[in-house]
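# Overview (structure and organization)
Each chain, written out:
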Amino acid sequence: MAEEKKQEFWRWTESNWKNPDIKWEDAKIVTAGIDVGSVSSQATVMTDGKIYAYSNMRTGSDSPDSARNALNYALEGTNMPESRIDYCIGTGYGRVNVPMADRSITEIACHARGAHFIYGPDVRTVLDVGGQDCKAIRCDEKGKVVNFLMNDKCAAGTGRGMEVFSDLLSVPIVDVGERSFQIKEEPEPVSSTCVVYAKTEATGLLRKGWEVNEVLAAYCSAMAERIFSLIERIGIEKGFAITGGMAKNKGVIDRMMKIIDLEAMKTDWDTQIAGAVGAALFGYALVQKGRKK
Amino acid sequence: MIANYGYKDGSGDYFIAIDTDKCDGCGKCVEACPAGVFEVVDEDPNDPFREEPLIIVVVDKRKKIKYECGPCKPPTNRPPLPCIEACPQDVISHSW
Ligand code: SF4
Ligand code: SF4
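This section reports on the structure supplied with the text. (Residues numbered from 1 in each chain as written. Chains lettered and ligands numbered in written order. Predicted model: local features only at pLDDT ≥ 70, side-chain atom pairs only at ≥ 80, totals over all residues. Heavy atoms only, no water.)

## Considerations on the site of ligand 2
Selection criterion: Any residue with a heavy atom positioned within 4 Å of a molecule or strand is treated as near that molecule or strand. Under the convention adopted here, Pro, Cys and the residues Ala, Val, Leu, Ile, Met, Phe, Trp and Tyr are nonpolar, Asp, Glu, Lys and Arg are charged, and Gly plus all remaining residues are polar.
Among the 13 residues in the neighbourhood of ligand 2, the closest are listed as Cys 23, Cys 26, Gly 27, Cys 29 and Cys 87 of chain B. The class makeup of the residues in the shell around ligand 2 is 8 nonpolar, 3 polar and 2 charged.

This is the structure we're talking about:
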């Protein structure tokens, strides 16, 4: 499965994967989706509408380079030349700066479509907690958006906020979820998820003698409440799928699902590739449409 | 599709909802709005298969919508909002 590059602390693991059962040489239509987010970038390459290869990396200081690195990493070891890609779509925060893209599509459309693919057609509500924003989307049985809301005003309740916090407490980001449950009793949520206030508050709690895990629990639970209050507006429907990096943080997600009182859907795919998958699928649909003309 | 543009912060919810299926991009709301909150675009950025014009909330206005709309919303005796009045299709609604 995913080949991993080891990194430390707040850093999560970058990875790439290719489907050993697919020979790209046999494909009729090859499309790519590149999602350049504020914190992470992904590229997904699809052969005839199936996921052939993908990558998930940290976004660099420049969008075009991040897009290029993500695509190269996805294609690593496949021998597929980039010229074999019939159509490429850019999405995400940096979508207009993806040099190899034939067009760009918003992350709202791509996340709905991608979630519908990786979680299956029962998806009706998609929550994407990205590096610096939070999106709630309702979609129909075809993965088409019916209602959406995006909040990117501040980093509270986003992946970046969690990274800052894990760094502050010196807890690797992948362990935050697990450790936030290693507590005797669920503490009160911290009063603010605002990154600046939460830092001060956490330092104060530690000084008062709280254990690190308790502080983590209090922060995860504040995040859960914050994210819930954002998605409430669009109405939550059964078939609840979570995309983006926060989907991997049980500490926040389990607490949030408890408030929502629903079960989150499950997938074997990396939840961070949803946007790139949606983009590649739109590319596939557009090529098919064009060829039929 | 209902597109919600705006944000939520400590003081409340500030969203403008656009019912995109009803909008034909006639532009009357754009003319009526004193703050330049809306613009007509050729296709829906959130639906690549819809190719008719419609309005969106201008990107730069999304994070300060509360302040942009402030002059239209005095705390007492609020008059009808120009954007809502101008639209013949009942596309626009405000959450606050
Ligand atoms: S309330 Fe006034 S400023 Fe706000 S969108 Fe409507 S017309 Fe424009
Ligand atoms: S006035 Fe109404 S129908 Fe015309 S562009 Fe504005 S929202 Fe759309």
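## So, the pattern of salt bridges
Opposite charge on two side chains allows them to pair when their charged atoms are near. Applied cut-off: Salt bridge criterion: a side-chain nitrogen from Lys or Arg within 4 Å of a carboxyl oxygen from Asp or Glu. Note on exposure labels: buried denotes an accessible area under 20% of the residue type's maximum, exposed denotes more than 50%, and partly exposed covers the range between, all computed with a 1.4 Å probe on protein chains only. Secondary structure counts use DSSP, requiring at least four H or I residues in a row for a helix and at least two E residues in a row for a strand, with both numbered from the N terminus.
Inspection of the entire model under this criterion finds 17 salt bridges over all chains. A salt bridge links Arg 84 of chain A to Asp 86 of chain A, with the nearest nitrogen and oxygen atoms 3.6 Å apart. Take Asp 86 of chain A: its relative accessible area is 30%, and that puts it in the partly exposed class. Taking the shortest distance from any N to any O, the salt bridge between Asp 13 of chain B and Arg 233 of chain A comes out at 3.1 Å. Of this pair, Asp 13 of chain B sits in strand β2 (residues 12–19) while Arg 233 of chain A sits in the loop between α6 (212–231) and β11 (240–243), placing the two residues on different chains. For Arg 233 of chain A, a relative accessible area of 36% translates into the label partly exposed. Overlapping salt bridges, with partners in common, bring together Arg 58, Arg 160 and Glu 163 of chain A in one network.

## Concerning the interface of chain A and chain B
Stated precisely, the cut-off is as follows: Any two residues whose heavy atoms approach within 4.5 Å at even a single point are treated as in contact. By buried area we mean the combined loss of accessible area, with a 1.4 Å probe, across both parts when two parts are placed together. As used in this structure description, the phrase polar contact means that two N or O atoms lie within 3.5 Å; if the pair is within protein, one of them must be able to donate a hydrogen and the other to accept it, and residues adjacent in sequence are counted only when both atoms belong to side chains. Paired strands, in this sense, are two strands between which DSSP finds at least two bridges.
Listed as interface residues are 25 residues of chain A and, on the opposing side, 20 residues of chain B. With both chains or domains summed, chain A and chain B bury close to 1900 Å², and 54% of this area falls on carbon and sulfur atoms. Ranking the residues of chain A by area buried against chain B places Phe 148, Lys 153 and Arg 233 of chain A at the top, with a combined share of 33%. Joining chain A to chain B, the criterion identifies 3 salt bridges. Taking the shortest distance from any N to any O, the salt bridge between Asp 47 of chain B and Lys 144 of chain A comes out at 3.2 Å. For the interface between chain A and chain B, the tally reads 9 residue pairs in polar contact (both at pLDDT 80 or more). It is strand β10 (residues 145–151) of chain A that provides the largest number of residues to the side of chain A that touches chain B, a total of 7 residues. Residues that form the side of chain A that touches chain B fall into these classes: 13 nonpolar, 4 polar and 8 charged. Pairing between β10 of chain A and strand β1 (residues 2–9) of chain B: 3 bridges, direction parallel. Directly across from Phe 148 of chain A, in β1 of chain B, lies its bridge partner Ala 3 of chain B.

## Describing the sheet that holds strand β5 (residues 92–94) of chain B
The condition is simple: In this analysis an axis means a line fitted to C-alpha atoms, helices contributing only their contacting stretch, and an angle means the value between N-to-C directions, from 0 to 180 degrees.
Pairing in this open sheet of 7 strands is mixed, and the strands run β11(A)-β8(A)-β9(A)-β10(A)-β1(B)-β2(B)-β5(B) from one edge to the other. Because the sheet does not close on itself, it has two edges, and the strands there are β11 of chain A together with β5 of chain B. Pairwise comparison of adjacent strand axes, ignoring direction, gives a mean angle of 15 degrees for this sheet. Across 8 bridges, β1 of chain B lies against β2 of chain B in antiparallel orientation. In the sheet register, Lys 8 of chain B faces β2 of chain B, and the bridge partner there is Asp 13 of chain B. Against the sheet, helix α2 (residues 107–119) of chain A touches β8 (125–129), β9 (134–139), β10 and β11 of chain A, its axis set at about 65 degrees to β9 of chain A.

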